[in-house]
Protein chains: 2
Amino acid sequence: MTDCEEMPLPAWISDLPALDLLLSVAETGSVGRAARAHGITQPSASARLARLERRLGVPLLVRSRRGSLLTPAGETVVVWSRTVIDAAQNLADGVLALRADRQARVRISASLTVAEYLLPAWLRCSRTVTTAERCSKPSAP
Amino acid sequence: MTDCEEMPLPAWISDLPALDLLLSVAETGSVGRAARAHGITQPSASARLARLERRLGVPLLVRSRRGSLLTPAGETVVVWSRTVIDAAQNLADGVLALRADRQARVRISASLTVAEYLLPAWLRCSRTVTTAERCSKPSAP
DNA sequence: AAGCCTTACGATCCCCGTAACCATT
DNA sequence: AATGGTTACGGGGATCGTAAGGCTT
């Protein structure tokens, strides 16, 4: 095959919430508890996990009356999935910071006409101030 | 908050194909080329990226007539996303190996009655043999 | 004219929650 | 009864592709 740079991600891996759910099952030992931890119903969780198994083509867990345990393959998948979810969580945190940063800039530019003469002092102050409080009460004598 | 162990992944991060698409845009410098690389239409790619931006709450790229470039925030997100899809790709490869392994076991157990006396020789041979060939033609005199 | 991006629209498919059911402790 | 798991079913939402439009070079 004369590929260019990298093949796009396979389609059967794209269900990130399913992976997250699988991790919860590994931790709690039960589909129902994992479902509650994610704020969804037990049938939803069951169906989601069944789809995941079907799409991966590998049985992941053995259902029992007193809970669900992972197959050896399931344990392996959990290990890999953990790194994926960790990376995703990392990204989520970063995006959150980025969003906050953007909002801060927006607030500053919005109230710029009022706060023009305060900015130099702010910039000399702290880099991670809660701009909302400062903006609402400029405390200018 | 009295959380148990870990908060489930936020919902606005769960679109893995969108992240992958964003990486392609970063590489090719164009939404259309990225779309072609993923085998989808340009409008689909455009809509997907727009949704991603809306969900993240951060502008990621600046559209131009001669292509699309990333905003500073976009560059940052791309860096984090790279690690995520790398981990996902890693998982995909692992699952592929797991699947192949399982299929091998299935073939072996299926033809076990025939191949019983051959297994010891196989096990002494190589660990990653193409069991399909061996199984189809046992080459037993 | 050609390239790049967007909006509009219709059809399809996926996923969730409710409801109902089976098996054990 | 309570817990853990599954299947059946209807509705809402997301995504895709086609078609059409705007803007530069």
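Remember, predicted model here, so these are calculated numbers, not experimental data.

The rules we used
- Residues numbered from 1 in each chain as written.
- Chains lettered and ligands numbered in written order.
- Predicted model: local features only at pLDDT ≥ 70, side-chain atom pairs only at ≥ 80, totals over all residues.
- Heavy atoms only, no water.
- Near = heavy atom within 4 Å.
- Polar contact = N/O pair within 3.5 Å; in protein donor to acceptor, adjacent residues only side chain to side chain.
- Helix = DSSP H or I, 4+ residues; strand = E, 2+ residues; numbered from the N terminus.
- Nonpolar A, V, L, I, M, F, W, Y, C, P; charged D, E, K, R; others polar.
- Phe/Tyr/Trp six-rings, centres within 6.5 Å; stacked < 30°, edge-to-face > 60°.
- Lys NZ or Arg CZ within 6 Å of the ring centre and 35° of its normal.
- Axes fitted to C-alpha atoms, helices over the stretch in contact; angles between N-to-C directions.
- Parallel < 35°, antiparallel > 145°, perpendicular 65-115°, else oblique.
- Left-handed = near helix turned anticlockwise from the far one by under 90°.
- Contact = heavy atoms within 4.5 Å.
- Buried < 20%, exposed > 50% of the residue type's maximum accessible area, 1.4 Å probe, protein only.
- Lys, Arg positive; Asp, Glu negative; His and termini not counted.
- Salt bridge = Lys/Arg side-chain N within 4 Å of Asp/Glu carboxyl O.
- Least-squares fit on C-alpha atoms with pLDDT ≥ 70 in both.
- UniProt positions renumbered as here; feature names shortened; annotations may be inferred.

(A) Representation of the protein's contact with DNA strand C. DNA strand C sits among 22 residues. The nearest are Thr41(A), Arg48(A), Arg51(A), Ser46(B) and Arg63(B). Atoms of DNA strand C within 4 Å of the protein belong to the sugar or the phosphate in 78% of instances, the rest to bases. Within the side chain of Gln42(B), an N or O atom sits 3.0 Å from a phosphate oxygen of DNA strand C. Of all the secondary-structure elements, those providing two or more residues to the surface near DNA strand C are helix H3 (42–56) of chain A together with helix H2 (31–38), helix H3 (42–56), strand E1 (61–64) and strand E2 (67–70) of chain B. When residues in the surface near DNA strand C are grouped by element, the largest group, five residues, is from H3(A). Grouping the constituent residues of the surface near DNA strand C by class yields four nonpolar, ten polar and eight charged.

(B) The arrangement of the packing of aromatic side chains in detail. Counted by the stated rule, this structure contains zero aromatic pairs over all chains. A cation over a ring is seen here: Arg99(A) above Trp12(B), with NZ or CZ 4.8 Å from the ring centre.

(C) Just the packing of helix H1 (residues 16–28) of chain A against helix H2 (residues 31–38) of chain A, in detail. All names here are of chain A. The contact between H1 and H2 brings their axes to 8 Å, and the two run at 125°. Compared by their axis directions, H1 and H2 come out oblique. The handedness of the crossing between H1 and H2 comes out as right-handed. For the pair H1 and H2, the contacting residues are Asp20, Leu21, Ser24, Val25 and Thr28 in the first and Val31, Arg33, Ala34, Ala35 and His38 in the second. Across the contact of H1 with H2, the residue classes break down as five nonpolar, three polar and two charged.

(D) Expanded view of the side chain of Asp20(A). Here Asp20(A) is to be found in helix H1. Buried within the structure, Asp20(A) lacks any salt-bridge partner; its nearest side chain of opposite charge belongs to Arg82(A), at an N-O separation of 7.4 Å. Among the polar contacts made by the side chain of Asp20(A), one reaches the main-chain amide nitrogen of Leu9(B) at a distance of 2.9 Å. Setting aside its immediate chain neighbours within four residues, Asp20(A) contacts His38(A), Ile85(A), Pro8(B) and Leu9(B).

(E) Structural detail: the protein's contact with DNA strand D. Close to DNA strand D lie 22 residues; Ser46(A), Arg63(A), Thr41(B), Arg48(B) and Arg51(B) are nearest. If you look at DNA strand D and keep only atoms within 4 Å of the protein, 76% of those are sugar or phosphate atoms. Note that a phosphate oxygen of DNA strand D is positioned 2.8 Å from one of the backbone N or O atoms of Val31(A). A distance of 2.9 Å separates a phosphate oxygen of DNA strand D from a polar side-chain atom of Ser44(B). Of all elements in the fold, only H2, H3, strand E1 (61–64) and strand E2 (67–70) of chain A together with H3 of chain B reach the threshold of two or more residues within the surface near DNA strand D. Partitioned by chemical class, the residues of the surface near DNA strand D number four nonpolar, ten polar and eight charged.

(F) Focus on the relation of the copies chain A and chain B. Expressed as a screw operation, the relation of chain A to chain B combines 0.0 Å of axial shift with a rotation of 180°, fitting to an RMSD of 0.1 Å. Within this description, the copies of the chain are treated as partners about a two-fold rotation axis. Of the C-alpha atoms belonging to chain A, the one lying closest to the rotation axis is found on Val84(A), 2.9 Å away. The share of interface residues of chain A whose copies in chain B are also at the interface is 100%, consistent with both copies meeting through the same surface.

(G) Up close: the environment of Ser14(B). Mapped onto the fold, Ser14(B) is located in the segment before helix H1 (16–28). When the C-alpha positions of Ser14(B) and Leu52(B) are compared, they lie 10.0 Å apart, and in sequence the two are 38 residues distant. Residue contacts for Ser14(B): discarding those within four places in its chain leaves Ser14(A), Leu16(A) and Pro17(A). Polar contacts involving the side chain of Ser14(B) include one to the main-chain carbonyl oxygen of Ala11(B), which spans 2.9 Å.

(H) Layout of the UniProt feature "domain: HTH lysR-type" (unreviewed entry) in chain A. Sequence positions flagged by UniProt for "domain: HTH lysR-type" (unreviewed entry) are, in local numbering, residues 15–71 of chain A. Taken end to end, residues 15–71 of chain A is 63% helix and 14% strand, and its first and last C-alpha atoms sit 20 Å apart.

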